[in-house]
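Spelled out from the first residue to the last, the chains are:
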Amino acid sequence: KFRGALSKTRQALNTDIRDLFKAEGRLVDDEFLTDLFERLIRTDMGVGPAEEIRDRIGKDYRARVVHLEEILDTITSQTTAMLEQKSTELTRAASGPTVILVVGVNGSGKTTSIGKLAYYLHHAGNKVVLGAGDTFRAAAVEQLTVWAGRIGCDIVTGKHEADPASVAFQTVDRAVEMGADIAIIDTAGRLQTQSNLMQQLDKIRRVISKKIEDAPHEVLLVLDATAGQNAISQARGFSETAGCSGIVLAKLDGSAKGGVILPIQDQFQLPVKFVGLGEGIEDIAKFDPQSFAKALFQ
Ligand code: GDP
């Protein structure tokens, strides 16, 4: 799945890096390391990770003649190691339903990601309930209801502009009542101020922990992989306010800069747990550092 979504990045990068080599290989010297660094930067992986890879290659191969494959192997294993620093597993409740709150700026792909995540978890044998907590956006509630219908899972909705915390509470209540494995709760994607957002999320946390003490078990931040630095900073506000535990990186298929996952993990200090690979119901994948790094570079 990653391979298809990352084909744009891989093609660009491969030609770019391949260019550095001749059939007989290439001597690893300062010039080579600088060239390689520049090409790594073009994947949007960020300066820190690119430096780390360059230095590793300098250490392992300096003054030797190397071939493309060796360099790609090293880049892949270094990238895997960087991505494996945090667990990409979904945290599950010790008992009872696992409660997942989903936050993110409007347009990031939040609603679609919830639908796909619900399908993914349902398909894996979990009983899933959705909570349409973005009550200020009628379209989001409608969209989520359509997803629930397609999946055949339960959904809790409130009236337009109902208190999101009450929808969250009812969702958890329903999940407990029906013995569900997972409740996924949408939250507002647009609030006037950060303090508004904080209040709302605090309230949601408070009411659901009345029902399940250690809930929410995950707070997933949805980010748009195709968004520029501006959108990323905006999302930073969200993540700081929401106390997130992981990232869903949506629209990875639309990006020719798949390397962006590295600075995202770095900036947010959060692991990417799922990636969005298209608009269809099956277009989501659990993030796996090694397959991802391979798909990116090989
Ligand atoms: P929200 O406003 O954050 O809830 O965003 P939506 O879920 O409505 O998504 C915004 C647009 O992005 C829609 O057209 C989605 O179909 C599209 N979208 C969401 N996730 C993905 C993805 O992983 N890949 C692609 N190609 N499009 C996506």
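Residues numbered from 1 in each chain as written. Predicted model: local features only at pLDDT ≥ 70, side-chain atom pairs only at ≥ 80, totals over all residues. Heavy atoms only, no water.

Caption draft 1: Structural view of the overall build of the chain. The helix and strand tally for the chain stands at twelve helices and ten strands. In summary, the chain has a C-alpha radius of gyration of 21 Å against a globular reference of 19 Å for 298 residues, a match within 12%. Taken over 298 residues, the chain has a buried fraction of 54%. Within the chain, counting contacts between residues at least 6 apart in sequence, those at least 24 apart form 78% of the total. Accessible surface for the chain amounts to roughly 13,100 Å². Of this, 47% is attributable to carbon and sulfur atoms. Mean positive and mean negative side-chain charge positions of the chain (35 and 39 charges, respectively) differ by 3 Å. (Helix = DSSP H or I, 4+ residues; strand = E, 2+ residues; numbered from the N terminus. Rg over C-alpha atoms; globule rule 2.2 N^0.38 Å. Buried < 20%, exposed > 50% of the residue type's maximum accessible area, 1.4 Å probe, protein only. Contact = heavy atoms within 4.5 Å. Areas by Shrake-Rupley, 256 points an atom, 1.4 Å probe, with all protein chains shown as cover. Lys, Arg positive; Asp, Glu negative; His and termini not counted. Charge placed at Lys NZ, Arg CZ, Asp CG, Glu CD.)

Caption draft 2: Region of interest: the site of the ligand. Among the 17 residues in the neighbourhood of the ligand, the closest are listed as G107, T111, T112, D253 and E279. Out of a free accessible area of 580 Å², the ligand has 79% covered by protein chains. With respect to the pocket detection grid, the ligand is positioned in the largest pocket. In terms of residue count, the dominant contributor to the shell around the ligand is helix 6 (residues 110–123) (four residues). Classifying every residue of the shell around the ligand by side-chain character gives two nonpolar, nine polar and six charged. (Near = heavy atom within 4 Å. 1 Å grid on protein atoms, 1.4 Å probe; cavity = no way out; pocket = protein on both sides within 12 Å on 5 of 7 lines; lining within 4 Å. Sits in = over half its atoms within 2 Å of the grid points. Nonpolar A, V, L, I, M, F, W, Y, C, P; charged D, E, K, R; others polar.)

Caption draft 3: Summary view of the packing of helix 8 (residues 164–177) against helix 9 (residues 194–211). In the contact formed by helix 8 and helix 9, the axes pass within 9 Å of each other and the chain directions differ by 25°. Classified by the angle their axes make, helix 8 and helix 9 are roughly parallel. The way helix 8 lies across helix 9 gives a crossing that is right-handed. The segment helix 8 lies against helix 9, with P164, A165, A168, F169, V172, D173 and V176 engaging Q200, K203, I204, V207, I208 and K211. A class-by-class count of the residues in the contact of helix 8 with helix 9 yields nine nonpolar, one polar and three charged. (Axes fitted to C-alpha atoms, helices over the stretch in contact; angles between N-to-C directions. Parallel < 35°, antiparallel > 145°, perpendicular 65-115°, else oblique. Left-handed = near helix turned anticlockwise from the far one by under 90°.)

Caption draft 4: A look at the sheet that holds strand 9 (residues 272–276). The sheet built from eight strands is open, its strands ordered 5-4-6-3-7-8-9-10 with mixed pairing. The sheet is open, and its two edges are formed by strand 5 (154–156) and strand 10 (284–286), each paired on a single side. Between one strand axis and the next, the sheet turns through 25° on average, direction left out of account. When strand 3 (residues 98–103) meets strand 6 (residues 182–186), the two strands line up parallel, connected through five bridges. The partner of L101 across the bridge, within strand 6, is I185. (Pairing = 2+ DSSP bridges.)

Caption draft 5: Here's a closer look at the UniProt feature "domain: SRP54-type proteins GTP-binding" (unreviewed entry) in the chain. Here, UniProt's "domain: SRP54-type proteins GTP-binding" (unreviewed entry) annotation points to residues 271–284. For residues 271–284, the end-to-end C-alpha separation is 16 Å, with 0% helix and 43% strand making up the annotated structure. (UniProt positions renumbered as here; feature names shortened; annotations may be inferred.)

Caption draft 6: Examining the side chain of R39 more closely. Among the secondary structure elements, R39 is positioned in helix 3 (residues 30–41). Polar side-chain contacts of R39 include one of 2.6 Å to the backbone oxygen of D16. Here R39 is in contact with L13, D16, I17, D19 and L20, once residues within four sequence places are set aside. (Polar contact = N/O pair within 3.5 Å; in protein donor to acceptor, adjacent residues only side chain to side chain.)

Caption draft 7: Highlighting helix 7 (residues 138–151). With 14 residues, helix 7 should reach 20 Å at 1.5 Å per residue; the first-to-last C-alpha distance of 20 Å fits that figure. In this fold, the buried residues of helix 7 make contact with helix 6, strand 4 (128–131), strand 5 and strand 6. Just downstream of helix 7, G152 is the residue with a positive phi angle, here 80°. (Expected span 1.5 Å × (residues − 1).)

Caption draft 8: Just the nonpolar core, in detail. Among the nonpolar cores identified, the biggest contains 67 residues, and I75, L249 and V275 are the most heavily contacted of them. The leading source of residues in this core is helix 5 (residues 68–83), at six residues. Those residues in contact with V275 that lie beyond four places of it in its chain are F2, L249, L252, I261, D283, I284, A285 and F287. Residues Y119, L121, A132 and V222 belong to the second largest nonpolar core, which totals 27 residues. (Core = buried A, V, L, I, M, F, W, Y, C linked by side-chain atoms within 4.5 Å.)

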